[in-house]
Amino acid sequence: MNKYKILIFDLDDTLIDNLENVKYAFKIMIKSKNEEYNEENFIRWYQIDKKFWHDWQDGKITLPEHLKGETGKKSNEFLNWLRAQRILIYFNNEVNLDEAINLNNIYMDALTENVNAIDGAYETLEYLSNKGYYIIIATNGPKVATRDKLLKINCINFVNEILSADMFGYMKPNKEFFDGIEKTLNNYNIEDYLIIGDSLKSDVGFAMRCNFDSCWFNKNNDKIDDKYKPTMTINKLRELIEIL
Ligand SMILES: [Mg+2]
């Protein structure tokens, strides 16, 4: 008998090679603005993007008055404004909001064009799915892009449910995201859940906050931050075939 019933997989940098994906999308966005690509600019963008979403998770982004009242699932106006902010930061406010929204749309479309799987993603998901696990994706990225990415790496058929932050209005590691998962799945105990993800903060931290087990996918052999206690750690996805 399987110890766990529900496997919650993170998407970016767990099943999808996010770095290659993001680099490609950045190239397309920059080209649409007639700017030359270089590695240095890409690293700058990568860091701005990462920091922005961390700041957002930490409640450090100040919303304009007219958007402050939105709780739970957010409007398109809200999401467009939010996503455009990192473009404004990147271009030092030399583009206006409409232009930034447009550039973000180009970027997000491109994100689903060139998608590479993390080594072992297909075999691992195929094995776990055949073994009877209920497999869900819980991502802080948008739902549409998630579906497209899973289609592109041929793994959509192994996945029972895609749950994204934009469906609930809360990102991992917020407990509200897990409330959304529990509500959607219904009738499972907390011991039935295991999350597998690359982020100590968003995945392991999420499980710790909600009291279920976690598997840290430490693919770069990073040193662990002592405040995080994953139930188990793997360096390759295929290790899950031995463990689960
Ligand atoms: Mg991730």
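What you see is a predicted model, and the numbers here were worked out from it, not measured in a lab.

A. Spatial organisation of the pattern of salt bridges. Counted by the stated rule, this structure contains 14 salt bridges. Lys-68 is the salt-bridge partner of Glu-65, the closest N and O atoms lying 2.9 Å from each other. For Arg-238, the salt bridge identified is with Glu-123, shortest N-O distance 2.7 Å. Separated by 115 residues along the polypeptide, Arg-238 in the loop between strand 6 (232-234) and helix 10 (239-243) and Glu-123 in helix 5 (residues 121-130) bring together distant segments of the chain. Given the relative accessible area of 33%, Arg-238 is considered partly exposed. What emerges from the salt-bridge pattern is a single network uniting Asp-10, Lys-172 and Asp-203.

B. The sheet that holds strand 4 (residues 193-197), seen in detail. Strands sit in the order 3-2-1-4-5-6 across an open sheet of six strands; the sheet is parallel. Unpaired on one side and paired on the other, strand 3 (161-164) and strand 6 mark the two borders of the sheet. If you compare each strand with its neighbour and ignore which way they point, the axes differ by 25 degrees on average. Pairing between strand 5 (residues 213-217) and strand 6: three bridges, direction parallel. Within the sheet, the bridge partner assigned to Cys-215 lies in strand 6 and is Met-232. Contacts from helix 9 (residues 200-210) reach strand 4 and strand 5, with the element oriented near 160 degrees to strand 5.

C. Spatial organisation of the packing of helix 3 (residues 76-90) against helix 4 (residues 97-111). Relative to each other, helix 3 and helix 4 sit at 95 degrees, their axes nearing to 8 Å. Classified by the angle between their axes, helix 3 and helix 4 sit roughly perpendicular to one another. Along the contact surface, helix 3 presents Asn-80, Trp-81, Arg-83, Ala-84, Gln-85, Arg-86, Ile-87 and Leu-88, while helix 4 presents Leu-97, Ala-100, Ile-101, Leu-103, Asn-104, Asn-105, Tyr-107 and Met-108. Partitioning the contact of helix 3 with helix 4 into residue classes produces 10 nonpolar, four polar and two charged.

Procedures and definitions
Residues numbered from 1 in each chain as written. Predicted model: local features only at pLDDT ≥ 70, side-chain atom pairs only at ≥ 80, totals over all residues. Heavy atoms only, no water. Salt bridge = Lys/Arg side-chain N within 4 Å of Asp/Glu carboxyl O. Helix = DSSP H or I, 4+ residues; strand = E, 2+ residues; numbered from the N terminus. Buried < 20%, exposed > 50% of the residue type's maximum accessible area, 1.4 Å probe, protein only. Pairing = 2+ DSSP bridges. Axes fitted to C-alpha atoms, helices over the stretch in contact; angles between N-to-C directions. Contact = heavy atoms within 4.5 Å. Parallel < 35°, antiparallel > 145°, perpendicular 65-115°, else oblique. Nonpolar A, V, L, I, M, F, W, Y, C, P; charged D, E, K, R; others polar.

None of the figures reported here should be taken as evidence of function without further support.
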